[in-house]
Amino acid sequence: MARKRKVTLINGPNLNLLGKRSPEIYGSQTLADIEAGLREQAEQLSIELDCFQDNSEGALVSKIQSCETESDGVIINPGAYSHTSIAIRDALEYLSHPIIEVHLSNIFQREEFRAHSFVSELAAGVICGLGPKGYSLALDALDEMLN
Ligand code: CA2
């Protein structure tokens, strides 16, 4: 029997606050709600989903490094580190698996500093502005890529 495909969902700083503040920008679903929906979707697709969130850059870098052996594909919302972190970019560059970058908000409609992400050039695809649906679309895209 074929080995189950593994996808890691990584969320960066402050995304643990989803649903608790700023619903006008980020919506009303909590991160736990989003992860639960994605786990259901993953089960339908016979994908093993690992969900991870951390507020610190080092923890995110370590998690990304572990994905090389622990995962077949990565969905990442690096939060504000998208716009600042060369360490996260370098860790992602070392991965040989497909990466999909997701942002809940449309980063191009906001402050100018959000319009550049160090991650985007490494990503197989970038989804932004569609709220939590973006994670679901990313999982569907990885399902196709990993088949
Ligand atoms: O739109 C996105 O998903 C972002 O990655 C979210 C980051 C922001 O820095 C990026 O520019 C775009 C911020 C996440 C903060 O999340 C909060 C959620 C609820 C309340 C406060 C912050």
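The coordinates are above.
Attention here is on the structure that accompanies the text. As the structure is a prediction and not an experimental result, all values here were calculated from the model.

Description of the sheet that holds strand β5 (residues 125–128)
Now for step 1: Strands sit in the order β2-β1-β3-β4-β5 across an open sheet of five strands; the sheet is parallel. Looking along the sheet, the strands with just one partner apiece sit at the ends: β2 (47–53) and β5. Sheet twist, expressed as the mean angle between neighbouring strand axes with direction ignored, is 15 degrees.
Now for step 2: The pairing of strand β3 (residues 73–77) with strand β4 (residues 99–103) spans three bridges and is parallel. Each bridged residue has a counterpart across the sheet, and for I76 the counterpart in β4 is E101.
Now for step 3: Set on the sheet, helix α2 (residues 31–44) makes contact with β1 (5–11) and β2; between it and β2 the angle comes to about 165 degrees.

Overview of the environment of L146
Now for step 1: Structurally, L146 can be placed in the segment after α5 (133–145).
Now for step 2: Taking the C-alpha atoms as reference, L146 lies 25 Å from A32; in sequence the two are 114 residues apart.
Now for step 3: With sequence-adjacent residues up to four places away left out, L146 is seen in contact with R5, V7, D72, G73 and P98.

Description of the site of the ligand
Now for step 1: The local shell around the ligand holds 17 residues, among which N77, H83, L104, S105 and R114 are the closest.
Now for step 2: Here an oxygen atom of the ligand sits 2.7 Å away from a polar atom, N or O, in the main chain of L104.
Now for step 3: Take R114: an N or O atom from its side chain is 2.9 Å from an oxygen atom of the ligand.
Now for step 4: Bound to the protein, the ligand loses 93% of the 500 Å² it would expose on its own.

Things to note about the side chain of S105
Now for step 1: Structurally, the position occupied by S105 is in the loop between β4 and β5.
Now for step 2: Under the relative-accessibility criterion, S105 is labelled buried at 9%.
Now for step 3: Engagement of the side chain of S105 in a polar contact is seen with the side chain of R110, the distance being 2.9 Å.
Now for step 4: With residues up to four places along the chain from it excluded, the contact list for S105 reads I25, Y26, R110, C128 and G129.

Some words on the environment of A42
Now for step 1: In this fold, A42 is placed in helix α2.
Now for step 2: Residue class for A42 comes out buried when judged on its relative accessible area of 1%.
Now for step 3: Residues A42 and G125, spaced 83 residues apart in sequence, show a C-alpha to C-alpha distance of 19 Å.
Now for step 4: When near neighbours in sequence (up to four residues on either side) are disregarded, A42 contacts I47, L49 and L139.

Rules of the game
Residues numbered from 1 in each chain as written. Predicted model: local features only at pLDDT ≥ 70, side-chain atom pairs only at ≥ 80, totals over all residues. Heavy atoms only, no water. Pairing = 2+ DSSP bridges. Helix = DSSP H or I, 4+ residues; strand = E, 2+ residues; numbered from the N terminus. Axes fitted to C-alpha atoms, helices over the stretch in contact; angles between N-to-C directions. Contact = heavy atoms within 4.5 Å. Near = heavy atom within 4 Å. Polar contact = N/O pair within 3.5 Å; in protein donor to acceptor, adjacent residues only side chain to side chain. Areas by Shrake-Rupley, 256 points an atom, 1.4 Å probe, with all protein chains shown as cover. Buried < 20%, exposed > 50% of the residue type's maximum accessible area, 1.4 Å probe, protein only.

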